Amino acid sequence: MEPQLLHSVGDGIATVVIHHPAKRNAMTAGMWRALPPLLDGLAADPAVRAVVLTGEGDTFCAGADISTLRGSSDEAQGLAVRAEDALAAFPKPTLAAVRGYCVGGGSQLAAACDLRFAQAGALFGVTPAKLGIVYPASATRRLVSLVGPATAKYLLFSGELIDAERALRTGLVDEVLAGDELDKRVAEFTRVLAARSLLTQASAKEFANGRTDRDAHWAEQARGSGDTAEGVAAFLERRPPRFTWTTPVSGPSGG
């Protein structure tokens, strides 16, 4: 099978699989290009309440396929940045389920997700210093927002790998699970996400990411959504809520 991004949708959760096992799921130029339009389709699908990003087999993603850097490194990096930015801007919750190596471009993709759950034994690294690459400003800011300046500098300056436990301590990941527990926990947690109000999640995501110009927009969305009334009614009636608000369809993120 050619290197590609596979995806499936079930029970409100879209699962996107980085599939390039011959090179530890390294991202090719074609895979970087494919991610923004794939995300556009999932954003527009009202059946999708959240997205899980993972890798084929026992590796998340070992970075960019270095063969794609033989031409223009600026072009290759531009493809990666557009893909990461599209993932960071995706309007629904995103969760990276990480096994094995999460390195270089793989760590950038994981950092662009809202949450990261890792299998014990996973290894994380930010490696541009090994290749003489200027790490993108957007990816640097995203990393600093997760782990703080000191740990970001440690990772960027050295290119050293850190284990899942250290990633947890520094804030790079949110949970570390025993090997056979990762899939179970991801399924359990994403069921929780799918049951909650997407209105709350989408607005909180924008605010947490620093948007300061959308208060009126979200107030209008809340007034017309019915989610608040449904949430209160469900609480008083002691039943699970049935939230119906979904993200409005916007223009494509590019690719």
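Residues numbered from 1 in each chain as written. Predicted model: local features only at pLDDT ≥ 70, side-chain atom pairs only at ≥ 80, totals over all residues. Heavy atoms only, no water.

Visitor: Please provide a residue-by-residue account of the overall build of the chain, values included.
Guide: The secondary structure content of the chain amounts to nine helices and nine strands. Taken against the 2.2 N^0.38 rule, which gives 18 Å for 255 residues, the C-alpha radius of gyration of the chain at 18 Å falls within 12% of a compact globule. With the C-alpha coordinates aligned to their principal axes, the bounding extent of the chain is approximately 60 × 40 × 40 Å. Across the 255 residues of the chain, 46% fall into the buried class. Intrachain contacts of the chain at a sequence separation of at least 6 include 71% that bridge at least 24 residues. Accessible surface for the chain amounts to roughly 12400 Å². Of this, 55% is attributable to carbon and sulfur atoms. If the 26 positive side-chain charges of the chain are averaged to one point and the 28 negative ones to another, these points end up 2 Å apart. (Helix = DSSP H or I, 4+ residues; strand = E, 2+ residues; numbered from the N terminus. Rg over C-alpha atoms; globule rule 2.2 N^0.38 Å. Buried < 20%, exposed > 50% of the residue type's maximum accessible area, 1.4 Å probe, protein only. Contact = heavy atoms within 4.5 Å. Areas by Shrake-Rupley, 256 points an atom, 1.4 Å probe, with all protein chains shown as cover. Lys, Arg positive; Asp, Glu negative; His and termini not counted. Charge placed at Lys NZ, Arg CZ, Asp CG, Glu CD.)

Visitor: How would you sum up the pairing of strand 3 (residues 50-55)? Please name residues and give values.
Guide: Working note: regular strand, side chains alternate between the two faces of the sheet. Extensive coverage of strand 3 is indicated by the burial of six of its six residues. Neither face of strand 3 is open: one carries A50, V52 and T54, the other V51, L53 and G55, and all of them are buried. Bridge analysis of strand 2 (residues 13-19) against strand 3 gives six bridges, and the strand direction is parallel. What sits directly across from I13, in strand 3, is A50. As for the winding sense of the linkage, the β-α-β connection from strand 2 through helix 1 (residues 29-44) to strand 3 is right-handed. Pairing of strand 3 with strand 4 (residues 94-98) involves four bridges; the strand directions are parallel. Note that in strand 4 the partner of V51 across the bridge is T94. (Pairing = 2+ DSSP bridges. Right-handed = clockwise from strand over helix to strand, strands pointing away.)

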